[in-house]
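Structural overview for review
As a plain string of letters, each chain reads:
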Amino acid sequence: EVQLVESGGGLVQPGGSLRLSCAASGFTFSRYAMSWVRQAPGKGLEWVSHINSGGDNTFYTDSVKGRFTISRDNAKNTLYLQMNSLKPEDTAVYYCNAYLVRLEGSLEYWGQGSQVTVSS
């Protein structure tokens, strides 16, 4: 059974930090590109950050550049998102996403989400 389980969310004051983790199981984690995607209250999904399967290429949406860092540990089948200098507008449910492009069709998996609330 494929599972992506996020953890590490919570309530934090503006300027604070959190680290999200996404534990993967049931598929070959090291073959998949991974992303963090968030959904703020009343808004649509917003892609936040992406890392390739090897972990040597990363990308960020402009609003989090310089504040968030994505990383992965393929030996532990885990994806991370270090979030620093958090702002109220970072409040959202954060989802991890696994994606694999294949000739016979792509594969995609989602976690259940982790709530991050930035408020004083």
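Here the structure is shown first, and the text comes after it.
Since the model is a prediction, treat every value here as computed from it, not as a measurement. (Residues numbered from 1 in each chain as written. Predicted model: local features only at pLDDT ≥ 70, side-chain atom pairs only at ≥ 80, totals over all residues. Heavy atoms only, no water.)

Here we look at the overall build of the protein chain
Put simply, the rule reads: A helix here means a DSSP run of H or I that spans at least four residues, while a strand means a run of E at least two residues long, and both kinds are numbered starting from the N terminus. Within these notes, the globule rule equals 2.2 Å times the number of residues to the 0.38 power, and the radius of gyration is based on C-alpha atoms. Two residues qualify as a contact provided that any one of their heavy atoms is within 4.5 Å of a heavy atom in the partner residue. The Shrake-Rupley method, run with a 1.4 Å probe sphere, supplies the accessible areas, and residue values consider only the shown protein chains as cover. For the purpose of charge, His is not counted, nor are the chain termini; Lys and Arg are scored as positive and Asp and Glu as negative. A charged residue contributes its charge at one atom only: NZ of Lys, CZ of Arg, CG of Asp or CD of Glu.
Helix and strand counts for the protein chain stand at 0 helices and 11 strands. The order of α-helices and β-strands along the protein chain, N terminus first, is β-β-β-β-β-β-β-β-β-β-β. Taking 2.2 N^0.38 as the reference for a compact globule, 120 residues should give roughly 14 Å; the C-alpha atoms of the protein chain span a radius of gyration of 14 Å, in line with that estimate. Each principal axis of the C-alpha atoms in the protein chain carries an extent, and together these give about 45 × 25 × 25 Å. When contacts within the protein chain are restricted to residue pairs at least 6 apart in sequence, those whose partners lie at least 24 apart make up 53%. Surface summary for the protein chain: the accessible area is close to 6300 Å², and the carbon and sulfur share equals 47%. Charged side chains of the protein chain number 10 positive and 10 negative; the gap between the two group centres comes to 4 Å.

Remarks on the sheet that holds strand S3 (residues 18-25)
Sheets are built from strands that pair by backbone hydrogen bonding, the pairs being arranged parallel or antiparallel. Definition in use: A strand pair is defined by DSSP finding two or more bridges across the two strands. Lines are fitted to the C-alpha atoms to define the axes, a helix being fitted only along its stretch in contact, and any angle between axes, read from their N-to-C directions, falls within 0 to 180 degrees.
Taking strand neighbours across the sheet as the criterion, the 4 strands line up as S1-S3-S8-S7 in an open arrangement whose pairing is antiparallel. Whereas interior strands pair on both sides, the edge strands pair on one side only; in this sheet they are strand S1 (3-7) and strand S7 (68-73). On average, adjacent strands in this sheet sit at an angle of 15° to one another, irrespective of strand direction. Relative to strand S8 (residues 78-83), S7 runs antiparallel, the two sharing 6 bridges. Directly across from Asp 73, in S8, lies its bridge partner Thr 78.

Let's talk about the pattern of salt bridges
We apply this condition: Only one rule defines a salt bridge in this text: a Lys or Arg side-chain nitrogen within 4 Å of an Asp or Glu carboxyl oxygen. Only protein chains enter the accessibility calculation, which uses a 1.4 Å probe; a residue whose area is less than 20% of its type maximum is buried, one above 50% is exposed, and one in between is partly exposed.
Counted by the stated rule, this structure contains 5 salt bridges. The residue Arg 102 makes a salt bridge to Glu 104 at a minimum N-O spacing of 3.6 Å. With a relative accessible area of 60%, Glu 104 lands in the exposed category. Residues joined in a network through salt bridges with shared partners are Arg 38, Glu 46, Arg 67 and Asp 90.

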